[in-house]
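# Reading the structure
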Amino acid sequence: MCTIVDVAVPGDSRVAEKEKEKIDKYNQGLARELRRLWNMKTKVNPIVVGALGTTPKQLRRHLDDVERSRHLLRGRLASNQTVPSNTRLGRYNPLSSGMAATSEQDARKPRRLILWCNPRSGSTALAKCLTNLDEDTDVWFEPFTFSRFTGVHAKKMSNIDLPKEFTGKEAIFHGIAQSIQARFPSRPKVNAELLAYGGIKQNLEASSSRTVVVKAMAVAIHDSYDYIPSGFRHVILIRDPRRVVSSFRKMIIDYRKLDPNDNSIDLEEVHPDYPTLHWYGEIYALWKHIREKFEPNPLIIDTEDFLADPATYLRKICELIDVEYRDDLLEWDPSMEAIKKWKHCCNELLTSGGVSGALLFQRAFCSSKFVPTSSPTPSLEDLTPDCVRIIGKCQDLYNEMYQHRFKP
C-alpha cells in the first residue's frame, strides 16, 4: 500500500475544491503510474485546512488514514529506523473544529463486522453502502455460500462429504475450482482456497485491511459454526417471512423461466438447494449460537425499520465497530466499480454474466441509495400454497427475534 499525502492551505471558501483538486491530480498522475508500473494499491490523502481554520468534511478520515499508514510503516522498520514519535500526526490539534486526536491504540485496532442475513433482506445494498466506510475497507460477499453449494451438490450427485479444511485437501478443491471454471465460456478464475470453510476463515482472520465487512447468508454457516472467524462483531438482519418467501419465490420463478401464474409450483421443489429449515430455522439457530459463544446481545435489525430510517441504523452499525458515521454513507456510486473489488471465490461471477447476469443481485448491485418499502406486507390469503406452508414454519421464529431487534 502506498499512501500519497499532500498538504494545502487555501482560502477558506476553496477547501472543498482544493481537496478534490488534489485527489484528481494524483489519481490521474502519480497514483495511476504506481498502480501501472508496480501493481501497487494506492490511496491519496489530501490534508487541506483553510487559512482561517475551515476544514473539509473528509479531513478526519484522511488524517486517520495517514496515521494508520505511519503505524504500519513503523511496525515494518527495524528498531533503529523507527520514525520519531514526536513527528506522529494527531498528538497536537491546531484546528478550531475540535477534532479529536487519533491515539496509536485506535490506529491499530481492526474493525470487523459480519452481516448475517436471509435472502431478500436488503443486505446486498447495505454491503455496497458499507464499502465506503473508509479507503481501507474490504467487503466479502457471501463467502460461505459457495462452500455450502459445492458441499450440497457433491453429496447429492456423488454421495461425497467434502472436507471443511483446505490444508491437506488442496487437490480436491483445485479440482472443484476447475469444474466451476469449465461451466462458463469465459473460464473465470476461481480461488480454490475460498471454496473451503477453513480457507475462508483463515483469510478473514489474516486480513491486513483496517476494516473488513462480510455479508454472509446464515444458512451457509449452519452446521459449520467452528468456521465463524474470531474478532468480528455480528449484525443479524431479519425480515418478515411473508415478504421474504413470496419475493424469493418470484425471483426463483423468474430465474428459471417458469410460469408465474402457476400456483401449483412448489418453491421447495424448484429451488436447487432448498435449506432444510427454510432459512429462518438457520438464522434463528445462528442467533442462539452467537449469543452463547460471541456476544450476549448481537445487534438485530429489521429491514423495514432500517429502510424507514437508514441514518439512525447506520449510526448504530458504525458505533458497533468504532467507525465515525457520515451522512454521505447514505448515497453511493450506482456503478459496478465497488462490486469488482469485493472478495469472493470467483469475483467474475458477480460482475460479468454470472450472478448479476442472472438478475439475482443486479438491482442491489446497481443501487445508489436506500429506498423505503412502499408496498404493504402481503396477506397470506393472497399467497400461493407453498408460500403459506413455508411461512407457517418460520413466522414464530421471526417473531421471537423481532422482539429483540434494535429500537432507537
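Everything that follows concerns the structure shown earlier in this document.
The structure presented is a predicted model; accordingly, all values stated were derived computationally and were not measured. (Residues numbered from 1 in each chain as written. Predicted model: local features only at pLDDT ≥ 70, side-chain atom pairs only at ≥ 80, totals over all residues. Heavy atoms only, no water.)

What follows covers the environment of Leu383. Position of Leu383 among the secondary structure elements: in the loop between α17 (362–365) and α18 (385–402). When the C-alpha positions of Leu383 and Arg242 are compared, they lie 8.7 Å apart, and in sequence the two are 141 residues distant. Residues in contact with Leu383, not counting those within four places in the same chain, are Arg242, Ser246, Pro378, Val388 and Ile391. (Helix = DSSP H or I, 4+ residues; strand = E, 2+ residues; numbered from the N terminus. Contact = heavy atoms within 4.5 Å.)

As a further point, take the side chain of Glu295. For Glu295, the location among the structural elements is in the loop between α12 (280–293) and β7 (299–302). Excluding its chain neighbours within four sequence positions, the residues that come into contact with Glu295 are Phe232, Arg233, His234 and Ile290.

What follows concerns a nonpolar patch on the surface. On the surface, Val5, Val7 and Val9 cluster together into a nonpolar patch covering about 270 Å² of accessible area. Relative to the elements of secondary structure, Val7 occurs in strand β1 (residues 2–8). (Patch = residues over 30% accessible without salt bridge, like charges linked within 9 Å, V, L, I, M, F, W, Y side chains within 5 Å. Areas by Shrake-Rupley, 256 points an atom, 1.4 Å probe, with all protein chains shown as cover. Salt bridge = Lys/Arg side-chain N within 4 Å of Asp/Glu carboxyl O.)

Most of helix α5 (residues 123–130) sits out of view: eight of its eight residues are buried. Listed in full, the buried residues belonging to α5 are Ser123, Thr124, Ala125, Leu126, Ala127, Lys128, Cys129 and Leu130. (Buried < 20%, exposed > 50% of the residue type's maximum accessible area, 1.4 Å probe, protein only.)

Read from one edge to the other, the open sheet built from five strands follows the order β4-β5-β3-β6-β7, with strand pairing classed as parallel. Since the sheet does not close on itself, it has two edges, and those belong to β4 (137–141) and β7, each with one partner. Averaged over all adjacent pairs, the angle separating strand axes in this sheet is 20°, with direction ignored. Here strand β3 (residues 111–117) pairs with strand β5 (residues 211–217) via seven bridges, running parallel. Bridged to Arg111 within β5 is Thr211. Contacts from helix α14 (residues 310–320) reach β3, β6 (233–238) and β7, with the element oriented near 160° to β7. (Pairing = 2+ DSSP bridges. Axes fitted to C-alpha atoms, helices over the stretch in contact; angles between N-to-C directions.)

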